[in-house]
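Remarks on the overall topology
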Amino acid sequence: MPRKNTLRKPFYTLGIAVAVLLWLACAAGLLTLSQWQFQRAAAKTVALAAAEAWQALPPINLATCLNASNAGRRVVLTGQFVPNSQYLLRGQRFPDGTSAGRLMAVLALTDGRHVVLDRGLVKDPTTLTTLAPLAPPTGPLTLAGVVQPWPRPRGWLEGPSQHPGPVPTLLRLDPAAFAVPQLVTDVFVQLQHVTHPQ
């Protein structure tokens, strides 16, 4: 009998040593992950503070922010919507996850350039048969929005940008879809307010 106990003792000790090593490895991994999470939280806090400071700056004229380095900056525009230049951008979602379409239209600026505007989300875009009820206002407008970087193509396997059907639909933002001269392609503007002149 004593012989059996002495044979089991090394295996028992080895098992305890392996368990302790595994526990130490897990503790070290969790400690590393917690430090990483604290670093990410600190970086997000700094990024949010910078974004809030950027958005708190007074609006600027679009002429001074024609590049993506001004993304997130508020801008004021003056011009009028180009007729028949509105598209529904598919594949969008509301914050709660429900399907949506994004209305994209072209604004002719007073200096002759054109810029694409994001007019907002539309509920249940699959039921739309026309965009006429959602037509942009006519006449000269003063608009306020936020500069956004124009998305760049992600590769040659992307497929067509337009989708055939009764509603002018885009599968992705593509400058070629907006057949207007002098289109600003570095940025587009996400609208905040529309003001009609009295």
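Right above here is the structure, for reference.
A brief look at the structure comes next. No experiment lies behind these values; they were computed from the predicted model shown.

1. Digging into the side chain of Arg73
Of note, Arg73 is situated in the loop between strand S1 (60-61) and strand S2 (74-81). An unpaired buried charge is present at Arg73: no salt bridge exists, and Glu52, the closest side chain of opposite charge, is 15 Å distant. Those residues in contact with Arg73 that sit more than four places away from it in its chain are Trp54, Leu57, Pro58, Ile60, Gly145, Val146 and Val147.

2. Some points on unusual backbone geometry
Outside of glycine, negative phi angles account for most residues, and trans bonds account for most peptide bonds. A positive phi angle, close to 55 degrees, is found at Asn84, a residue other than glycine. You can see Asn84 is positioned in the loop between S2 and strand S3 (87-93). Taking relative accessible area as the criterion, Asn84 reaches 81% and is therefore assigned exposed. Positive phi outside glycine occurs at Gln182, with the angle close to 50 degrees. Locating Gln182 in the fold gives a position in the loop between strand S8 (169-170) and strand S9 (187-195). On the basis of relative accessible area, Gln182 is assigned to the exposed category, the value being 52%.

Each value, and the rule that gives it
Residues numbered from 1 in each chain as written. Predicted model: local features only at pLDDT ≥ 70, side-chain atom pairs only at ≥ 80, totals over all residues. Heavy atoms only, no water. Helix = DSSP H or I, 4+ residues; strand = E, 2+ residues; numbered from the N terminus. Buried < 20%, exposed > 50% of the residue type's maximum accessible area, 1.4 Å probe, protein only. Lys, Arg positive; Asp, Glu negative; His and termini not counted. Salt bridge = Lys/Arg side-chain N within 4 Å of Asp/Glu carboxyl O. Contact = heavy atoms within 4.5 Å.

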